[in-house]
Amino acid sequence: MSTNPTFCAVDFGTSNSAVAVPSEDGMRLIELEPGQRTMPTAVFYFAEGPHDADGPPRAFGRAAVAAYVEGHDGRLMRSMKSILGSALIDQTTDVGGGRGAKYADIVAGYLKRLRRLAGEPERVVLGRPVFFVDGEPERDALAQAQLEAAARSVGFREVQFQFEPIAAALDFERQTTREQIVLVADIGGGTSDFSIVRVGPERMQRLARRDDILASHGVHIAGTDFDRHIELAGILSAFGYRGVGPNGRELPSGLYFDLATWHLINSCYAPQRVAEWRGMKSWFADVRQHARLMTVLEERLGHELAARAEGAKIAISGGADTEIDLTLIERDLRLPLREAQAVDALRADLDRIIATAHETVALAGLRAEQIDALYFTGGSTGLRLLVDGMAAGFPQAARVSGDRLASVASGLGLYAQRLFAGGPPAA
């Protein structure tokens, strides 16, 4: 097999990404970082350093997160996929050191990194959620067009798309010994996508699978939403969120929502905004909360709070209580997070995701008892509360968990092989 493959498959995820390329045995996931087949979808722009042929000095993946944690001066960008379909894509954002970068170029720069690691192929299958944007077909189509434009701008000559839950179904199909109807639940960082797919050993040889896709549906709620709700309920309440001042009125909530949303955090550091909240000390019944909030704004610790919220979500995913260490904000500040508290914070999102799964079954013209298997993939399927809640609605279905971070990429690789090479499915 040539060291320079002519095609690849890319799972460009909200939280993590993966790439599959041809190999002698079919398709394989490549190492994007030493010993790692997945890489955080993260870019860190250093405030200092010379530009090179690719643009401003940057780090990608775990190195990007490490640069941020180590306190390097610059800007960490995550959840880049969430801006697709929005007006933000053409806007320029401050990346430190007086430099700016268009969001479109940030996305393209990350894709360029993936293409280079793959050996710079010219053809690609890109995964996409069922809906980039819920209930707005024009914006959803725009999001795909923006992603395609970014891919073409970094050297991909031919760009094809496949739904991420369909790709996961192709990965699941390799395990089947008989024909089944499977509900694929692909719950990642930005979207929760579902597909009802008819799979089986006799069907897996076919490239055209449209007739086997009985329904697809999704909702733009997933892991980053969980993180936001955990941060609002479990962290920012100690900083004044939903607090009532001496005048009996609730504090404005807009700043807190922005602090809990990755791509809006930097907007909280605007000098005018910081000055406004500095002058609102008398609005707080508890002046300690105001002091904590000002520490976050003045020392630019918003992304650190978001990271602590994500860590707390992971800690309670198995059903245990945890404690959030915020001593970087205030000495001895540690906030307990109980599982029951997390359930309350996430209940509306979990209910909506589970309802979307059942809506998908209805769209296929089926009943819950006709589903043979539930196939869980995506990083957020590690949340026990979600998986148990969904499985309860399909008690007769086999419950199968794929590689949470790599199943979609593996399935996209199978599709890319059949599409571009016409070869047999990988073993």
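Residues numbered from 1 in each chain as written. Predicted model: local features only at pLDDT ≥ 70, side-chain atom pairs only at ≥ 80, totals over all residues. Heavy atoms only, no water.

## A short note on empty space enclosed by the protein
So, step 1. One pass over the structure, following the stated rule, counts two cavities of 30 Å³ or more.
So, step 2. Roughly 70 Å³ of volume is contained in the largest cavity.
So, step 3. Along its surface, the largest cavity is lined by Thr-14, Lys-81, Ser-82, Leu-84, Pro-129, Phe-132, Gly-190, Thr-191 and His-220.
So, step 4. For the lining of the largest cavity, the per-class residue count stands at three nonpolar, five polar and one charged.
So, step 5. Size it by volume and the second largest cavity reaches roughly 40 Å³.
So, step 6. Looking at the lining of the second largest cavity, the elements with two or more residues in it are helix H4 (164-173) and strand E13 (192-199). (1 Å grid on protein atoms, 1.4 Å probe; cavity = no way out; pocket = protein on both sides within 12 Å on 5 of 7 lines; lining within 4 Å. Points joined across faces, edges and corners; volume = space filled by probe spheres on them. Nonpolar A, V, L, I, M, F, W, Y, C, P; charged D, E, K, R; others polar. Helix = DSSP H or I, 4+ residues; strand = E, 2+ residues; numbered from the N terminus.)

## Considering unusual backbone geometry
Most peptide bonds take the trans form, and the phi angle of most residues other than glycine is negative.
So, step 1. Unusually for a residue other than glycine, Glu-120 sits at a positive phi of about 60 degrees.
So, step 2. Tracing the sequence through the fold places Glu-120 in the loop between helix H2 (103-117) and strand E10 (123-128).
So, step 3. Overall, the relative accessible area of 43% leaves Glu-120 in the partly exposed class.
So, step 4. Located in the positive-phi region is Asp-332, a residue other than glycine, with phi close to 70 degrees.
So, step 5. Tracing the backbone through its elements, the reader meets Asp-332 in the loop between strand E15 (322-325) and strand E16 (334-337).
So, step 6. What makes Asp-332 exposed here is its relative accessible area of 58%. (Buried < 20%, exposed > 50% of the residue type's maximum accessible area, 1.4 Å probe, protein only.)

## Details of the layout of surface pockets
So, step 1. Its boundaries defined by the atoms lining it, the largest pocket holds a volume of some 700 Å³.
So, step 2. For the largest pocket, the lining is made up of 37 residues, of which Ser-15, Asn-16, Gly-379, Ser-380 and Leu-405 are closest to its centre.
So, step 3. Broken down by secondary-structure element, the contributors of at least two residues to the lining of the largest pocket are helix H5 (223-234), helix H9 (302-316) and helix H12 (407-421).
So, step 4. At four residues, the largest contribution of residues to the lining of the largest pocket is made by H5.
So, step 5. In this model, the second largest pocket occupies a volume close to 420 Å³.
So, step 6. Along the walls of the second largest pocket sit 20 residues, with Tyr-68, His-72, Asp-73, Gly-74 and Arg-300 positioned nearest its centre.
So, step 7. Looking at the lining of the second largest pocket, the elements that each hand over two or more residues are helix H1 (61-69), strand E7 (74-78), strand E8 (92-96) and H9.

## Things to note about the sheet that holds strand E6 (residues 58-60)
So, step 1. Taking strand neighbours across the sheet as the criterion, the three strands line up as E6-E5-E7 in an open arrangement whose pairing is antiparallel. Of all strands in the sheet, those bounded by a partner on one side alone are E6 and E7. Strand-to-strand, the axes of this sheet are offset by a mean angle of 15 degrees, without reference to chain direction.
So, step 2. Strand direction decides the pairing type here: strand E5 (residues 42-46) and E6, joined by three bridges, are antiparallel. Each bridged residue has a counterpart across the sheet, and for Tyr-45 the counterpart in E6 is Arg-58. (Pairing = 2+ DSSP bridges. Axes fitted to C-alpha atoms, helices over the stretch in contact; angles between N-to-C directions.)

## Digging into the pattern of salt bridges
So, step 1. With the rule as written, the count across this model stands at 26 salt bridges.
So, step 2. Note that Arg-116 is salt-bridged to Glu-120, the shortest N-O span being 4.0 Å.
So, step 3. When salt bridges with common partners are traced through the structure, they connect Glu-179, Arg-198, Arg-203 and Asp-212 into a single cluster. (Salt bridge = Lys/Arg side-chain N within 4 Å of Asp/Glu carboxyl O.)

## Looking at H12
So, step 1. The end-to-end C-alpha separation of H12 is 21 Å, in line with the 21 Å expected for 15 residues at 1.5 Å each.
So, step 2. Burial analysis of H12 places 13 of its 15 residues in the buried class, the great majority of the element. (Expected span 1.5 Å × (residues − 1).)

## Description of the confidence of the model for the protein
So, step 1. Scored by pLDDT, the protein has a mean of 90; 98% of the residues are at 70 or more.
So, step 2. Taken element by element, the predicted model of the protein shows its lowest mean pLDDT in E8 (84) and its highest in helix H8 (residues 287-298) (97).
So, step 3. Within the model, pLDDT remains below 50 along residues 423-427, and this stretch shows 16 contacts once partners closer than five positions in the same chain are excluded. (pLDDT = per-residue confidence, 0-100. Contact = heavy atoms within 4.5 Å.)

## Here's the deal with the sheet that holds strand E12 (residues 180-187)
So, step 1. Pairing in this open sheet of five strands is mixed, and the strands run E14-E13-E12-E17-E18 from one edge to the other. Sheet topology places strand E14 (213-219) and strand E18 (398-401) at the edges, where each strand pairs with a single neighbour. For this sheet the average axis-to-axis angle between neighbouring strands, irrespective of direction, equals 20 degrees.
So, step 2. Both E13 and E14 contribute to a ladder of six bridges, which runs antiparallel.

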